[in-house]
Amino acid sequence: MASPSPGFRGNRPVIAILGRCNTGKSSLLNFIAGQPVAMVSSTPGTTADPLSKPFELLPLGPVTFYDTAGLDEDSPLGRLRGQASLSTMLKADMALLLTDEEGIGPLERSCAQSLQESHTPFILLFNKSDIRPASAQDLAWCAQQGIACMQISLEREKDPTPLRQALLELAPARLWRPPPLLADLVPENPLVVCVAPIDAGAPAGRLIAPQVQTLREIIEIGGQALLLQPGQLKQGLNRLRARPHLVITDSQAVRQVNRDLPADILLTTFSMLFARQKADFGLMLEGARQIKNLAEGARVLIAEACSHHAQKDDIGRAKLPAWLQACTGRALNFSFYAGTGFPENLAEYSLALHCGGCMLTYKEMQNRLHSCRNAGVPVTNYGMAIAQCQGLLARVSRIFEQRQPQLPAPGLPAAFFPE
């Protein structure tokens, strides 16, 4: 199966460029991209916030390179920049760790250890090899640690092909063959009905990302998709000559769709599909079941990856709090968190509700889930929470009982995540 829709940020593998100040990180990005993307200067601190560059790394496909600030910049602002670089490292699918004629020092060893502990494949590049080739001692250390390394001179190199090829060989299997959303849940050439209300928060003329990606996969596996509004389901089913193999609905319409759908037709939600592909299905399913155990006054974190203008009926800030309090019959305290960061005080919460994560990379989502596991906080996503509140969690998860989850909990080492 082809890789997911590349236009979405969350589907692009992230390749981080890491290293000390003035090792040539920005020059490396320009070299790989074949164009002057990043500003190059010998002045320390030229790169501030991580600079992103979308790139077609064929035949793998679209990726995003991040040129980061030097990890060793010793000033209050520099330390903030270094923290931003470390955040980029946490979400990276692959990395290029760059050193120069100084070779491997404590910072390179520490960074290499963190990348290994987070299971992030990387290449250690010895830049400025025309000034001083890598020492036998450094090469021996790389061999002992099982670290791929290359010697390079960005001042003299003209052809980026060998480095691009090395990155292709480094890419983990999940980037070449991403786990499916639904391909293993349906027979060959399936007939799938997708119920997709027009989302008021989506830009005019667009479907939201989960709907687009699901429709694309149905087409890719040779299936047929019927796209309906919630109120059109009965009429749409009557027009079909055959019964659909599966109905997938937006979580906010699950109650109406379930009411209009025969009980023997399998039903699930876009949120359930994304929980299995990008998150941890079992963990989130159990998190949704814990909603009924919330105590009076419990603190609930509602987190989303996207920053957007909250509307009057915003799902995260209005609908979900109302549904949870109606479901539990208890007054709950809600905190809202949006954007690329994630709160550090997770232990203060009784439950974390996360968006579907369609705009997060797999690695970013796993880091957030791992933080919740470490804090002992049940976590689920919006759609699973809605299904639980409406008494339909068992109904929409039934199809998954026949299959093993595609992405079991990865068990990222706790050592990578400081307490």
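It should be noted that the structure appears before, not after, this text.
All of these numbers come straight from a predicted model, not from anything done at the bench.

Trainee: What exactly am I supposed to notice about helix α4 (residues 136-145) here?
Mentor: A turn of α-helix holds 3.6 residues, and therefore any two residues three or four places apart point the same way. Of the residues making up α4, those classed as buried are Asp138, Trp141 and Cys142. One side of α4 holds all its buried residues, which, seen down the axis, span an arc of 100°. Opposite the packed face of α4, turned more than 90 degrees from it, sit the exposed residues Ala136, Gln137, Ala143 and Gln144. For α4, the elements touching its buried residues are α3 (106-117), β5 (122-126) and β6 (148-151). Positive phi shows up at Gly146, right after α4, with a value of about 70°.

Trainee: Hey, could you run me through the sheet that holds strand β11 (residues 299-304) in this one?
Mentor: The strands making up a sheet associate through hydrogen bonds between their backbones, and the pairing can be parallel or antiparallel. The strand order across the open sheet formed by 4 strands is β12-β11-β13-β14, and the pairing between neighbours is parallel. The open sheet has two edge strands, β12 (333-338) and β14 (379-381), and neither has a second partner. Neighbour-to-neighbour, the strand axes of this sheet turn through a mean angle of 25°, independent of strand direction. Note: β11 against β12, 6 bridges, orientation parallel. Among the inter-strand pairings, Ile302 is bridged to a residue of β12, identified as Phe336. Packing of helix α13 (residues 362-375) onto the sheet brings it into contact with β11, β13 (351-354) and β14, and relative to β13 it is tilted by some 170°.

Trainee: How should I be thinking about the packing of aromatic side chains in this particular structure?
Mentor: Two measures describe an aromatic ring pair: the distance that separates the ring centres and the angle between the ring planes. Scanning the entire structure with this criterion turns up 2 aromatic pairs. Judged by centre distance (5.9 Å) and plane angle (65°), the ring pair of Phe55 and Phe65 falls under edge-to-face. You can see Phe55 sitting in strand β2 (residues 51-57) and its partner Phe65 sitting in strand β3 (residues 61-67), a full 10 residues away along the chain. In terms of burial, Phe55 and Phe65 fall into one category: buried.

Trainee: What should I look at first to understand a nonpolar patch on the surface in this one?
Mentor: A contiguous nonpolar surface patch, about 270 Å² in accessible area, is contributed by Ile198, Leu207 and Leu227. Positionally, Leu207 belongs in the loop between β7 (191-195) and α7 (209-220).

Trainee: Help me understand the pairing of β13 in this model?
Mentor: On β13, burial covers both faces: Leu351 and Leu353 on one face and Ala352 and His354 on the other are all buried. Regarding the hand of the β-α-β motif, the stretch spanning β13, α13 and β14 is right-handed.

Trainee: What should I look at first to understand the pattern of salt bridges in this one?
Mentor: When their charged atoms lie close together, side chains carrying opposite charge are able to pair. Inspection of every chain in the model, using the stated rule, returns 16 salt bridges. Where Arg20 meets Glu102, a salt bridge forms, and the shortest distance between an N and an O atom there is 3.5 Å. Taken together, the residues Arg20 in the loop between β1 (14-19) and α1 (25-33) and Glu102 in the loop between β4 (94-99) and α3 connect sequence positions 82 residues apart. What makes Arg20 buried here is its relative accessible area of 10%. With a closest N to O distance of 2.8 Å, Arg174 and Asp93 form a salt bridge. Residue Arg174 is found in helix α6 (residues 173-176), and its partner Asp93 is found in the loop between α2 (76-91) and β4; the two are separated by 81 residues along the sequence. It is possible to trace a salt-bridge network through shared partners that takes in Arg20, Asp100, Glu102 and Glu108.

Conventions and cut-offs
Think of each chain on its own: its residues are numbered from 1, step by step along the sequence as written. Totals for whole chains, interfaces and linings use all residues, but because this is a predicted model, local features are given only for residues with pLDDT of at least 70 and pairs of side-chain atoms are given and counted only at 80 or more. Calculation of side-chain values draws on the structure's entire complement of heavy atoms; hydrogens and water are dropped beforehand. Between buried and exposed lies partly exposed: a residue is buried under 20% and exposed over 50% of the maximum accessible area for its type, with that area taken using a 1.4 Å probe on protein chains only. In this text, helices come from DSSP runs of H or I with a minimum length of four residues, and strands from runs of E with a minimum of two, each type numbered from the N-terminal end. What the arc measures is the spread of directions leading from the helix axis to the C-beta atoms. Should any heavy atoms of two residues lie within 4.5 Å, those residues are considered in contact. Criterion used throughout: strands pair if DSSP finds at least two bridges between them. Note on method: axes are straight lines fitted to C-alpha atoms, helices fitted across the in-contact stretch only, with angles between N-to-C directions ranging 0 to 180 degrees. Working definition: rings of Phe, Tyr and Trp (its six-membered ring) pair if their centres are within 6.5 Å, and the pair is stacked with planes under 30 degrees apart, edge-to-face with planes over 60 apart, and tilted otherwise. Only residues whose relative accessible area exceeds 30% and that form no salt bridge enter a patch; like-charged residues are grouped when within 9 Å of one another, and nonpolar side chains (Val, Leu, Ile, Met, Phe, Trp, Tyr) when within 5 Å. Reported accessibility uses the Shrake-Rupley method at a 1.4 Å probe radius. Residues are deemed covered only where the shown protein chains occlude them. Counted as salt bridges are all cases of a side-chain nitrogen of Lys or Arg within 4 Å of a carboxyl oxygen of Asp or Glu. Handedness of a crossover: with both strands directed away from the viewer, a clockwise path from the first strand across the helix to the second marks it as right-handed.

Honestly, it's all geometry; don't read function into it.
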